[in-house]
Amino acid sequence: MIRPAGPQDVPFLRDMLRHAYYWRVDQVSESGEPPVQRYVERWGRPGDTALIAIQDFQPVGAAWYRLFKADNGGYGFIDEETPELSIAVVPSRRGSGLGSELLEALLARARADGYEALSLSVESDNPAVDVYKRAGFVVVQGRDDAVTMRLDTG
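For every chain, the first residue of its written sequence is number 1, and the numbers climb from 1 along that sequence. Restriction of local features to residues with pLDDT of at least 70 applies here, the model being predicted, together with a cutoff of 80 or more for giving and counting side-chain atom pairs; totals for whole chains, interfaces and linings are based on all residues. Based on all heavy atoms of the structure, the side-chain values leave hydrogens and waters out of the count.

Regarding helix α1 (residues 10-21)
Every α-helix carries 3.6 residues per turn, so stepping three or four residues along brings you back to the same face. Taking 1.5 Å of rise per residue, the 12 residues of α1 would be expected to cover 16 Å, and the 16 Å separating its terminal C-alpha atoms lies within 8% of that figure. The contact criterion used throughout is that any non-hydrogen atoms of two residues lie within 4.5 Å. The helix count covers DSSP runs of H or I at least four residues long, the strand count covers runs of E at least two residues long, and both are numbered beginning at the N terminus. In this structure, the buried residues of α1 make contact with β2 (49-55), β3 (58-66) and β4 (84-89). Helix span, expected: 1.5 Å multiplied by one less than the number of residues in the helix.

Section: the pairing of β2
Three exposure classes are used, based on accessible area relative to the maximum for each residue type with a 1.4 Å probe and protein chains only: buried under 20%, partly exposed in between, and exposed over 50%. Of all the 7 residues making up β2, 6 are buried; the element is thus mostly covered by neighbouring parts of the structure. Looking at chain direction, strand β1 (residues 2-4) and β2 are connected through 3 bridges and run antiparallel. The partner of P4 across the bridge, within β2, is L51. As paired elements, β2 and β3 share 7 bridges and run antiparallel to each other. If DSSP finds at least two bridges between two strands, the strands pair.

Some thoughts on the nonpolar core
Side-chain atoms within 4.5 Å link the members of a nonpolar core, which is a set of buried Ala, Val, Leu, Ile, Met, Phe, Trp, Tyr and Cys residues. Residues L13, W64, L85, Y132 and F137 are the most contacted members of the largest nonpolar core, which totals 40 residues. Mapped onto this core, the elements with two or more residues apiece are α1, β2, β3, β4, α2 (98-112), β5 (117-123), α3 (128-135) and β7 (146-152). Take this core: its biggest share by element is 6 residues, from α2. In this structure Y132 touches L85, I87, L103, L120, V122, F137 and M149, once residues within four positions along its chain are discounted.

Below, the structure written as structure tokens:
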């Protein structure tokens, strides 16, 4: 089941942010939060939209997007009108198709909300790159070991 997120889900979104940032299980840092809190801090701003995947009555994945300003853009920032997408699935449920289901549901929501495009940033060797390409995302910029991808939702 996939449901819209509410204010009560912000702690889970923070957890999912850690899973997204530390997608390689062997690289998880004990030193604190990943340097990407902008993706969830002060959640509930205009444009903030999230979906939560539930299995066996437990949240197991999340997909969300939010708008950023040019002076505080995210890693996949394109412009102030294009929300940046984040997605993560708990390690025990990866590879089950759940990420694709969440992505498809969030893309439908973005279209319904009138967004013309979505963007994201992903490390080049992350298996999720293939999921994004199958959904129609294209690489618009490469830097270091990551790429910025964009999908026109129309």
